[in-house]
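Listed below are the residues making up each chain.
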Amino acid sequence: MTAEEETAGKDPRSPEQRSMEQRRLAQETRDERRMWVFLAYFLFGIHVVAFVMIYAVRHAR
């Protein structure tokens with residue numbers, strides 16, 4: 001008995017549904033990674049702006 005036959009007996013979904021689920025999970029993983037990258041850039045940008053403002057305030061006359 002192959003692994004595919006074993007999973008076919010335990011999983012009532014069709015192969016198309018399983019592949020759609022795998023694609024959805026892969027897309028969700030990519031979206032989550034992209035969200036973390038955007039958050040990292042956002043936080044980095046906030047710090048750059050804060051340091052520039054601190055510099056401007058300390059060097060203002």
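Refer to the structure above for everything that follows.
Figured I'd write up the structure that's included with this text. (Residues numbered from 1 in each chain as written. Predicted model: local features only at pLDDT ≥ 70, side-chain atom pairs only at ≥ 80, totals over all residues. Heavy atoms only, no water.)

## Regarding the pattern of salt bridges
Under the counting rule described, the total for this entry stands at three salt bridges. A salt bridge links arginine 24 to glutamate 21, with the shortest nitrogen-to-oxygen separation between them at 2.8 Å. Here arginine 24 pairs with glutamate 21, and both are found in helix H2 (residues 15–58), just three residues apart, close to one helical turn. By relative accessible area, which is 28% here, glutamate 21 ends up partly exposed. Close ionic contact of arginine 24 with glutamate 28 constitutes a salt bridge, the shortest N to O distance being 2.9 Å. Highlighted residues: arginine 24 and glutamate 28, both in helix H2, separated by four residues, approximately one helical turn. According to the relative accessible area criterion, arginine 24 is partly exposed, its value standing at 42%. One continuous salt-bridge network, built from bridges that share partners, spans Glu21, Arg24 and Glu28. (Salt bridge = Lys/Arg side-chain N within 4 Å of Asp/Glu carboxyl O. Helix = DSSP H or I, 4+ residues; strand = E, 2+ residues; numbered from the N terminus. Buried < 20%, exposed > 50% of the residue type's maximum accessible area, 1.4 Å probe, protein only.)

## Notes on a nonpolar patch on the surface
The grouping of Met35, Trp36, Leu39, Phe42, Leu43 and Ile46 at the surface amounts to a nonpolar patch, some 590 Å² of accessible area in total. On the secondary structure map, leucine 39 appears in helix H2. In this structure leucine 39 comes out as partly exposed when scored by relative accessible area, which is 33%. (Patch = residues over 30% accessible without salt bridge, like charges linked within 9 Å, V, L, I, M, F, W, Y side chains within 5 Å. Areas by Shrake-Rupley, 256 points an atom, 1.4 Å probe, with all protein chains shown as cover.)

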